[in-house]
Amino acid sequence: MTSINPDTIILGIESSCDDTSAAVLKGDVLLSNVIAGQKVHEAYGGVVPELASRAHLQNIVPVVSEALRQAGVKPEDLGAIAFTRGPGLLGSLLVGTTFAKGLALGLGIPLVDVNHLQAHVLAHYIQTPAERVDTPDFPFICLLVSGGNSQIILVRSAFDMEIIGKTIDDAAGEAFDKCAKVMGLGYPGGPIVNKLALQGNPEAFKFAKPQIPGFDYSFSGLKTSFLYTLRDELAKDPDFIVKNKEDLCASLQKTIIDILMNKLEKATKAYGITQVALAGGVSANSGLRDAFIDYGKRTGHKVFIPPFAYTTDNAAMVAMAGTFAFAEGHRCSIDAAPYSRVQI
C-alpha cells in the first residue's frame, strides 16, 4: 500500500452534484467533514443542474471555512487541496474546481484532482481520531451503487481499478427513485422506499429480473415490470398503491438487491476474491447492508460496509483519494478542466 505521511494535512472539496462538501484529513485521520445539502430540488423531483451550481456558489465559502474551523486547522497548515474533477454535473464541478484552484494559488500549495468514483471506493480507508478501523487488503472487489452508477470494480490498488461489471441502462439508485416517483412517494425515492420496505413483505410481489450476460446489470426491465404491475392493479382498485405501498417497496427493494448480489457473487467466484466492499449512495440502504453481512457469513468472505457518513457524496472520501494520490507524487495542473463523464 502507498505510504501516507501522517503529518500531511489535505483539504478535500466535493461539488459533483447537489452536495457542497469540504473535509480535512491529516494523514488518513479525518478531522472534519462538512456537507451542505440542497432542498431546492425536492419540488422538481430531481436535481436541476442550474439550481445546483447556484447553490454551490452560495455554499462553498462557508462550508470550507467551517471544515477548517472544526478541524482546528489554519489555511497555511494545509499541504495540498484535493478536489473532485469529475464525473458529475459540469456546472457544479466548475464551482468546486475554480474555488480549489484559487485557494491553492493563494496559498502556494499543490492541487490534486480526484475521480469521484475512485473516491467512493477509497472511502473505506478513512480513519478517525477515536479508533483505527479495519480496511480492505488489495486486491478486493467493490460494489459501487448510487443514483448514477451501478458497477462491480476489481480494485488491485488505489490507482489500479477495473470495472468488470456495470449497468447497461439505469443505475440501481435510479430504479429506486423512478419507481418511488410513479408511486407518488417523493424525492429522493431511495430512502423513502427503504423506510417503507422495513414494514412490508418482500415476497408479496414478483418483478422481473433481467438476465444479462457476464457481470453487467440491467434495471430497465424491472422498472417496466413494476410499472405494469401498478397499471394492472390500479385498474382493479384505484387505492391499490395506498393499500400496498409497504409491500410494494419491500418487494421492489428485495428484487434490486437480489440482482446486485447475484452478479457480485458470480464476480467474486470468477476472480477468486474473498474481500468485498460496498460503496456509493445506495450503500446506505439497510436491506443491501444486511445482504452484504449475510453474504459474508454464508461465504466466509470478509465484507466492508462504509459508515453512513461516507455513503453519500462527501469530501472526506475526496480528501482520502487525494491523500493517496499526493503520496504517490501526483499533482494537478492549474489549467486542468473538470469533466462530466468518465470511467474508472
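Residues numbered from 1 in each chain as written. Predicted model: local features only at pLDDT ≥ 70, side-chain atom pairs only at ≥ 80, totals over all residues. Heavy atoms only, no water.

**A closer look at the UniProt feature "binding site: Fe cation" (unreviewed entry) in the protein chain**
Applicable threshold: UniProt positions are given in the numbering used here, feature names are shortened, and annotations may be inferred rather than shown by experiment. Working definition: helices are DSSP H or I runs of at least four residues, strands are E runs of at least two. Numbering for both runs from the N terminus. Any two residues whose heavy atoms approach within 4.5 Å at even a single point are treated as in contact. Partly exposed describes any residue whose relative accessible area lies between the buried limit of under 20% and the exposed limit of over 50%, with all areas from a 1.4 Å probe on protein chains only and scaled to the type maximum.
This chain's UniProt record puts "binding site: Fe cation" (unreviewed entry) on His116, His120 and Asp313. These annotated residues cover 198 residues of sequence, but their C-alpha atoms sit close together, with the largest distance between any two at 8.6 Å. Structurally, His120 can be placed in helix α3 (residues 116–122). His120 has contacts with Leu144, Ala279, Gly280, Tyr310, Thr311, Thr312, Asp313 and Met317, leaving out every residue within four places of it along the chain. Within the secondary structure, Asp313 is located in the loop between β10 (302–304) and α9 (315–327). Accessibility expressed as a relative area gives 16% for Asp313, which makes it buried. Residue contacts for Asp313: discarding those within four places in its chain leaves Glu14, Ser16, Cys17, Asp19, Ile35, His116 and His120.

**Let's talk about the nonpolar core**
To keep it simple, the criterion reads: Buried Ala, Val, Leu, Ile, Met, Phe, Trp, Tyr and Cys residues form a nonpolar core when they are joined through side-chain atoms within 4.5 Å.
Counting residues in hydrophobic clusters, the biggest one holds 45 residues, and the most contacted among them are Leu143, Ile152, Phe219, Ile256 and Leu260. Looking at this core, the elements that each hand over two or more residues are β6 (140–145), β7 (150–157), α4 (172–182), α5 (189–197), α6 (220–236), α7 (240–271), β9 (275–279) and α8 (286–299). Top contributing element to this core by residue count: α7, with 13 residues. In this structure Ile256 touches Ala172, Ala175, Phe176, Phe219 and Leu222, once residues within four positions along its chain are discounted. Counting 36 residues, the second largest nonpolar core, distinct from the first, contains Ala80, Leu122, Val318 and Phe324.

**What about the domain arrangement of the protein chain?**
Note the threshold: Each domain span listed reflects an automatic or database assignment of domains. Buried area is a sum: the accessible area each of two parts loses on coming together, probed at 1.4 Å, counted once for each and added.
We note that the domain assignment places domain 1 (9–133 + 310–328) and domain 2 (140–306) within the protein chain. Taken over C-alpha atoms, the centre of domain 1 sits 27 Å from the centre of domain 2. Domain 1 puts 17 residues into the contact, and the matching count from domain 2 is 22 residues. Three residues, Val121, His124 and Thr311, lead the burial of domain 1 against domain 2; their summed loss comes to 39% of the area buried on that side.

**Digging into the pattern of salt bridges**
Our working rule: The term salt bridge refers to a pairing of a side-chain nitrogen on Lys or Arg with a carboxyl oxygen on Asp or Glu at a separation within 4 Å.
Counting across every chain of the model gives 18 salt bridges. Taken together, the shared-partner salt bridges in this structure form one network comprising Glu203, Lys206, Lys209, Lys254 and Asp258.

**Notes on unusual backbone geometry**
Residues Gly86 and Pro87 are joined by a peptide bond in cis, for which omega reads -5°. Structurally, Pro87 can be placed in the loop between β4 (80–86) and α2 (90–107). Note the cis peptide between Phe138 and Pro139, where omega equals -5°. Relative to the elements of secondary structure, Pro139 occurs in the loop between α3 and β6.

**Some remarks on the packing of α4 against α5**
As a reminder, the rule being used: In this analysis an axis means a line fitted to C-alpha atoms, helices contributing only their contacting stretch, and an angle means the value between N-to-C directions, from 0 to 180 degrees. Comment on the angle field: the value is read as roughly parallel under 35 degrees, roughly antiparallel over 145, roughly perpendicular from 65 to 115, and oblique elsewhere. Three classes are used: nonpolar for Ala, Val, Leu, Ile, Met, Phe, Trp, Tyr, Cys and Pro, charged for Asp, Glu, Lys and Arg, and polar for all others, with Gly counted as polar.
Packing of α4 against α5 brings their axes to within 7 Å, and their N-to-C directions diverge by 75°. The angle between α4 and α5 falls in the class roughly perpendicular. Here Phe176, Asp177 and Ala180 of α4 lie close against α5, whose contacting residues are Gly189, Gly190 and Val193. For the contact of α4 with α5, the residue count by class is 3 nonpolar, 2 polar and 1 charged.

**Here we look at the pairing of strand β2 (residues 20–26)**
Going by this rule: Criterion used throughout: strands pair if DSSP finds at least two bridges between them.
When you tally the buried positions in β2, you get 6 out of 7 residues, the bulk of the element. Once strand β1 (residues 9–14) ends, the chain turns through 5 residues before running back antiparallel as β2. As judged from the 7 bridges shared by β2 and strand β3 (residues 29–36), these two strands associate in the antiparallel manner. If you follow Ala23 over to β3, its bridge partner there is Asn33. Following β2, the chain reverses through 2 residues before pairing antiparallel with β3; Gly27 in that reversal takes a positive phi of roughly 65°.

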